[in-house]
Amino acid sequence: MQKTILVFKTSVRFKNDIRKLKPMLDNLINEYGRWSFDLEDCDKILRIETQSPNSVIISSILEHNGFYCEEL
């Protein structure tokens, strides 16, 4: 099955923010997917590689936890 790469602009700024989101993001992707934040980038990029993409759910998770999230 082919993987899809989703890229989001976020307001996540700190490693503690990532630790807070980690269980939810891990639960969202399967064992073949992965995700990462680039906190060095001015847009605080979240990159998700998955076989079952759902950008609405990803945005909802971040927004529910108080972060801005916009798919690029």
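Residues numbered from 1 in each chain as written. Predicted model: local features only at pLDDT ≥ 70, side-chain atom pairs only at ≥ 80, totals over all residues. Heavy atoms only, no water.

A separate point is the confidence of the model for the chain. Averaged over every residue, the pLDDT of the chain is 92; the share at 70 or more is 99%. Taken element by element, the chain is modelled with least confidence in helix H2 (residues 55–64), mean pLDDT 93, and with most confidence in strand S2 (residues 34–38), mean pLDDT 96. (pLDDT = per-residue confidence, 0-100. Helix = DSSP H or I, 4+ residues; strand = E, 2+ residues; numbered from the N terminus.)

The subject of this paragraph is the state of the cysteines. A covalent bond bridging the sulfur atoms of two cysteines is what the word disulfide describes. The final tally for this structure, using the stated rule, is 0 disulfides. Among the cysteines around Cys42, which has no disulfide bond, Cys69 carries the closest sulfur, lying 15 Å off. Residue Cys42 is classed as exposed on the basis of its relative accessible area, which comes to 69%. Cys69 gets classed as buried once you look at its relative accessible area, which sits at 5%. (Disulfide = S-S within 2.5 Å. Buried < 20%, exposed > 50% of the residue type's maximum accessible area, 1.4 Å probe, protein only.)

Every buried residue belonging to H2 is among Ile58, Ser59, Ile61 and Leu62, and all of these are buried. For H2, the angular spread of buried residues about the axis comes to 160 degrees, placing them on one side. The exposed residues of H2 that point more than 90 degrees off its buried face are Val56 and His64. Contact partners of the buried residues in H2: strand S1 (4–10), helix H1 (15–28), strand S3 (45–50) and strand S4 (69–71). Residue Gly66 follows H2 closely and has a positive phi angle near 90 degrees. (Arc of directions from axis to C-beta. Contact = heavy atoms within 4.5 Å.)

In this model, H1 (14 residues) spans 19 Å end to end at C-alpha, consistent with the 20 Å of a helix rising 1.5 Å per residue. At Leu21, H1 shows its largest bend, some 45 degrees, and a proline, Pro23, comes one to four positions later. Every buried residue of H1 is accounted for by Asp17, Ile18, Leu21 and Leu25. Turning to H1, the residues buried within the fold contact S2, S3 and H2. (Expected span 1.5 Å × (residues − 1). Bend = angle between axes of the 7 residues up to and from the residue.)

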